[in-house]
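# Inside the fold
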Amino acid sequence: MKTNQLIWEDGDSWESYEDAVEITPQLVLFFGSTSLLEEQEYFQQLQEMYPKATLVGCTTAGEIIGDEVLDDSIVATAIEFEQTNINSASILIGNTEGSLDAGRKLGKEIQSEQLKSVLVISDGGSVNGSELVEGLTEVLGSDIIITGGLAGDGGRFEKTLVAYNQTPEQGRIVVIGFEGDAVQVGHGSVGGWDAFGPERKITRSEANVLYELDGKPALELYKGYLGDKASELPGSALLFPLMIRPSGQEEVGTVRTILSVNEEDQSMTFAGDVPEGYSAQLMMANFDRLVAGASEAAKFALNKEEAEMESDTLAILISCVGRKMVLGQRTADEVESVMDIMGGAKQIGFYSYGEISPHVEVGNCQLHNQTMTITSITEKV
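Residues numbered from 1 in each chain as written. Predicted model: local features only at pLDDT ≥ 70, side-chain atom pairs only at ≥ 80, totals over all residues. Heavy atoms only, no water.

A few words now on the side chain of T84. Turning to its location among the elements, T84 is positioned in the loop between strand 7 (74–80) and strand 8 (85–92). We classify T84 as buried; its relative accessible area is 6%. Contacts of T84, omitting those with residues within four sequence positions, involve Q26, F178, E179, A182, V183 and E379. (Helix = DSSP H or I, 4+ residues; strand = E, 2+ residues; numbered from the N terminus. Buried < 20%, exposed > 50% of the residue type's maximum accessible area, 1.4 Å probe, protein only. Contact = heavy atoms within 4.5 Å.)

Structural data, given as structure tokens:
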């Protein structure tokens, strides 16, 4: 496997991020700001440079390349596989209600006996990530590694865009399948948030909308914990996510980010499902633990055989917009901490509205929020 990394910033053409090698890639991944991805020139140039490649990209809340975190740029990695087959599929949906069926349809399109793993790049505004993952897993089974993330739009939450062999558009979901025995895929997803306050039971919810905790209005309880920060909702909610877990399974928790609040019915809408009967507990930021969480994710994702391989290793980093807002000027610290663990891997990624990865403790694939999620890809040679 060989890779070339590119960057598009202030100019009108792509520039090599590092010394380029001659390759004929089957796949090009690119991530960039909404304003830049709505333009045409960068995409036309990608098509001209890599006419035989599948082009997949999305908008972000920040771009990752190497050990850098950027804004208002586009980053890209072109990938040439020697022995791995790439299979891809895409679908366009209008709202979150179609997410489960979309996952099932995409799973059926990409399913094969040689399939080893799937990378998902999805719209982050009109897709329910939990249901998308459920649909994919239902068809593909738990043995197929599914990772990826939901597109971002900075801190605006206005529109997210995904590209599949054409300029990006809203409502698009893309899945990329990696087939064959040569491909080696590792994964890790870790948060690093601290829980505080009592655990409460989700007594009324519908999909990703939370109405009641312990029989009381959810938003009212949440505001009580936020204090002065309550006046800054929904933006301040990124700093205080909710951890949910099945009742009686204390070791397994999934973090959920709040996307919006409804004063009229005192509900909160999350980036993923919040099932009734689950336990819920507030989380808050700890700078050092967030960075340490990124390192832990890298350790899980690192393939132990990689040191003996001659091919490039690609590390795809998908971290949450909430982490970026909390870390501020220290955001690059978590990306640098991953590079310290991954060694010579080529890093690319973005800050997202949701991360997709198997849970590091129980193995089942889930939509996560507020995590650093890493997918490592390389080939046996």
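Past the structure itself, the notes keep going.
Overall, mixed pairing links the six strands, which are arranged 8-12-9-10-24-25 in an open sheet. At either end of the open sheet lies a strand with only one pairing partner, and these are strand 8 and strand 25 (365–368). Taken over all neighbouring pairs, the strand axes of this sheet differ in orientation by 15 degrees on average, direction set aside. With four bridges joining them, strand 24 (residues 354–358) and strand 25 adopt antiparallel strand pairing. Residue pairing in the sheet places I356 in a bridge with L367 of strand 25. Running at roughly 150 degrees to strand 8, helix 3 (residues 99–110) makes contact with strand 8, strand 9 (115–122) and strand 12 (172–179) of the sheet. (Pairing = 2+ DSSP bridges. Axes fitted to C-alpha atoms, helices over the stretch in contact; angles between N-to-C directions.)

Backbone geometry at D72 places phi at a positive 60 degrees, although glycine is not the residue there. Within the fold, D72 resides in the loop between strand 6 (68–70) and strand 7. Overall, D72 belongs to the exposed group, its relative accessible area being 54%. Positive phi, close to 55 degrees, is recorded for D214, a residue that is not glycine. One can find D214 in the loop between strand 15 (209–213) and strand 16 (216–217).

No statement about biological role is implied by the geometric values presented.
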